[in-house]
Amino acid sequence: MSLEGKRVRIKAKGRIFEGIVMPSFTDCLVLKLDNGYNVGFKDYELIEVIEEKPIEFPKPKLEKKEGLPNVKIISTGGTIASRVDYKTGAVTSQFTAEEIAGDVPELLDVCNVDAMLLYNILSENMKPNNWIELAREVYKSIKEGYDGIIITHGTDTMAYTASALAFMLSTPVPVVFTGAQRSSDRPSSDASMNVFCSAVTAVSDLGEVVVVMHGTTNDDYCFIHRGVKVRKCHTSRRDAFKSINYPPLGKVHYPSGKIEWIAERFKRGERELELRDKLEEKCVLIKFFPGLKPDILEFYYEKGYRGFVLEGTGLGHVSTDWLDTIKRIAEDSLVVMTSQCLWGRICDRVYDTGRYLLKAGVIEGEDMLPEVALVKVMWLLGNYDLEEAKKLVKENLVGEITPSTRFDYS
């Protein structure tokens, strides 16, 4: 006998529980309790079926309305597309793109939605070839005439993917990454608001790759972060994403959907659609720490790596015993210095060590985040020869370098 949708009373773990039986993708019984929380039971005793007539759980329909802009949602997995597996307690990727959109009915008052599932993976499993495939799918969708693109993505590596698309794709329309810190079937989930604010951003006067996530721990607004200026700064808070060395581009108020623009941005139609999707994967990000030997550089160099991003201390320093090795590999490699401090700018002209590093061939990464510098180096070496890449790495191509870091945006 199917219990789905029926109100039941059960006995489990020495207690009595009452609630609505929810759809489940495991053999666990999932009850929605009256307090709104879902609880899963593997071993239980059915005491009573209180309401025989089941509640129907209709599949979401993405109905289109005449006159609204058209937005494509591309789902890649992650927590925003996850449910709790009540057998193990783990969060696993389960939702389809249609279900994500169907869970946010107010979304359909903002735009018409088409949805597709490109991947169903957690973001730590994303790789450069996934970035390339995603960039191609976004390019194809924009060519088909969509007014904006939303990409649902796991939060842990979302900034890497956003950076990759920002360099590979010149876009005349908004390309919006969003995710969730809490899975979509939890009462505390931030997924619904993040998706709604992303839809508002996707139809706005914007023409670049951005990340849209909660601005505070409350459900009051989301920030629009430039894709090459954002980092996840907390493991679990709903406002984990912060713009670094540049303010958020804007703020989407909830539930009104009103956008408050904050900083200079690329606007809709300002750039022509273009795709340059080659990446050199033999690039590495190395975090310096006291005592780390330069052998690590030799190791990667001997394996054919020619792109090196160093995450140095302070203004951009590593130990002086690295100088000879850096000088040797910099002759036919791209070596870029960034800082572990994140906020602020590289300046290797203040101390002797910095000046020696510049003479050895290190290029200052200005105020780029280390991970953004890594993606930029991968993209430059994939599309240009070494000398041209060395020139372009110092230039602000898509907003990754702030002309002057005079303000503290922390």
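Above this text is the structure in question.
Residues take numbers from 1 onward in each chain, read along the sequence in its written order. Selection of residues for local features in this predicted model requires a pLDDT of at least 70, selection of side-chain atom pairs for listing and counting requires 80 or more, and totals for whole chains, interfaces and linings are taken over all residues. Only hydrogens and water are set aside; all other atoms, that is, all heavy atoms of the structure, feed into the side-chain values.

1. Some remarks on the nonpolar core
In this structure, Val138, Leu165, Met168, Val175 and Phe177 are the most contacted members of the largest nonpolar core, which totals 57 residues. Where helices and strands are cited, they refer to DSSP runs of H or I of at least four residues and of E of at least two residues respectively, numbered from the N terminus. Elements that contribute at least two residues to this core include exactly helix H2 (128-143), strand S10 (148-152), helix H3 (158-168), strand S12 (175-178), strand S13 (209-214), strand S22 (334-339), helix H8 (370-383) and helix H9 (386-392). Among the elements that make up this core, the one with the highest residue count is H8 (9 residues). Setting aside residues up to four positions removed in sequence, Phe177 forms contacts with Leu134, Ile151, His153, Met158, Thr161, Ala162, Leu165, Val209, Val210, Val211 and Val212. Only buried Ala, Val, Leu, Ile, Met, Phe, Trp, Tyr and Cys residues count toward a nonpolar core, and they belong to the same one when joined by side-chain atoms within 4.5 Å. Throughout, exposure labels follow a simple rule: accessible area from a 1.4 Å probe, protein chains only, divided by the maximum for the residue type, with under 20% read as buried, over 50% as exposed, and the rest as partly exposed. Counting 28 residues, the second-largest nonpolar core is a separate cluster that includes Leu107, Val176, Met193 and Val210. What makes two residues a contact is simply this: any of their non-hydrogen atoms within 4.5 Å.

2. Overview of unusual backbone geometry
Residue Pro255 is reached from Tyr254 by a cis peptide bond, and omega for that bond is 10°. Its location among the elements puts Pro255 in the loop between strand S17 (250-253) and strand S18 (259-261). The phi torsion at Lys13 lies on the positive side, around 55°, for a residue other than glycine. Mapped onto the secondary structure, Lys13 falls in the loop between strand S1 (7-12) and strand S2 (15-22). Judged by its relative accessible area of 79%, Lys13 is exposed. A positive phi angle is found at Leu342, which is not glycine, with a value near 70°. Here Leu342 lies in the loop between S22 and helix H7 (352-360). Judged by relative accessible area, Leu342 falls into the buried class, the value being 14%.

3. Remarks on the environment of Met158
Locating Met158 in the fold gives a position in helix H3. Given the relative accessible area of 0%, Met158 is considered buried. In this structure the C-alpha to C-alpha distance between Met158 and Lys232, which are 74 residues apart in sequence, comes to 8.4 Å. Excluding residues within four positions of it along the chain, Met158 makes contact with His153, Phe177, Thr178, Gly179, Val211, Met213 and Phe241.

4. Topic: the pattern of salt bridges
By convention in these notes, a salt bridge is any Lys or Arg side-chain nitrogen within 4 Å of a carboxyl oxygen on Asp or Glu. One pass over the structure, following the stated rule, counts 21 salt bridges. Residues Asp156 and Lys232 are paired through a salt bridge, measuring 2.6 Å at the closest nitrogen-oxygen approach. With Asp156 in the loop between S10 and H3 and Lys232 in strand S15 (residues 230-232), the pair connects residues that are 76 residues apart, well separated along the chain. In this structure, Lys376 engages Glu400 in a salt bridge whose closest nitrogen and oxygen atoms are separated by 2.6 Å. Taken as a pair, Lys376 in helix H8 and Glu400 in the segment after H9 lie far apart in primary sequence, 24 residues in all. Residue class for Lys376 comes out buried when judged on its relative accessible area of 0%.

5. Comments concerning the sheet that holds S22
Strand order in the open sheet formed by 4 strands is S20-S21-S22-S23, with parallel pairing between adjacent strands. Both outer strands of the open sheet, strand S20 (283-287) and strand S23 (363-364), are each paired with one neighbouring strand and no more. Strand pairing is defined by DSSP finding a minimum of two bridges between the two strands. Pairing of strand S21 (residues 307-312) with S22 involves 6 bridges; the strand directions are parallel. Residue Val309 lies in a different strand from S22, and its bridge partner there is Val336. Inter-axis angles, ranging from 0 to 180 degrees, are taken between N-to-C directions of lines fitted to C-alpha atoms, where helices are fitted over the stretch in contact. Running at roughly 160° to S20, H8 makes contact with S20, S21 and S22 of the sheet.

6. Focus on the sheet that holds S18
Pairing is mixed in the open sheet, where 8 strands are placed in the order S9-S6-S10-S12-S13-S14-S17-S18. Each edge of the open sheet is held by one strand with a lone partner, namely strand S9 (112-117) and S18. Ignoring which end each strand starts from, the neighbouring axes of this sheet average 25° apart. In this sheet, S12 lies alongside S10 in parallel orientation, the contact comprising 4 bridges. Note on S12: the bridge partner recorded for Thr152 is Thr178.

7. Regarding the packing of aromatic side chains
Working definition: an aromatic ring pair is given by the centre-to-centre distance plus the angle between the planes. Classification of ring pairs uses Phe, Tyr and Trp, with its six-membered ring standing for Trp, and accepts pairs whose centres are within 6.5 Å; under 30 degrees between planes counts as stacked, over 60 as edge-to-face, and the remaining range as tilted. Under the definition given, this model contains 8 aromatic pairs. Look at Phe196 and Tyr254: their rings are 5.6 Å apart centre to centre, the planes differ by 75°, and that puts the pair in the edge-to-face class. Residue Phe196 is found in helix H4 (residues 191-202), and its partner Tyr254 is found in the loop between S17 and S18; the two are separated by 58 residues along the sequence. With 5.4 Å between their ring centres and 80° between their planes, Phe288 and Trp322 make a pair best called edge-to-face. Taken together, the residues Phe288 in the loop between S20 and helix H5 (295-302) and Trp322 in the loop between S21 and helix H6 (323-329) connect sequence positions 34 residues apart. Taken individually, Phe288 and Trp322 each receive the classification buried, so the pair is uniform in this respect. One cation-aromatic arrangement involves Lys251 over Tyr221; the distance from NZ or CZ to the ring centre is 4.3 Å. Directly above the ring of Tyr301 sits Arg306, whose terminal nitrogen or CZ lies 3.9 Å from the centroid. Think of it as a cone above the ring: NZ of Lys or CZ of Arg counts as a charge over the ring if it is within 6 Å of the ring centre and within 35 degrees of the ring normal.

8. Comments concerning the side chain of Thr171
Structurally, the position occupied by Thr171 is in the loop between strand S11 (169-170) and S12. A polar atom in the side chain of Thr171 sits 2.7 Å from the backbone oxygen of Val173. Among residues more than four places away in sequence, those in contact with Thr171 are Ile142, Gly207, Glu208, Val209, Arg271 and Glu272. Any N or O atom pair separated by 3.5 Å or less is treated as a polar contact, with the protein-specific requirement of one donor-capable and one acceptor-capable atom, and with residues adjacent in sequence counted only for side-chain atom pairs.

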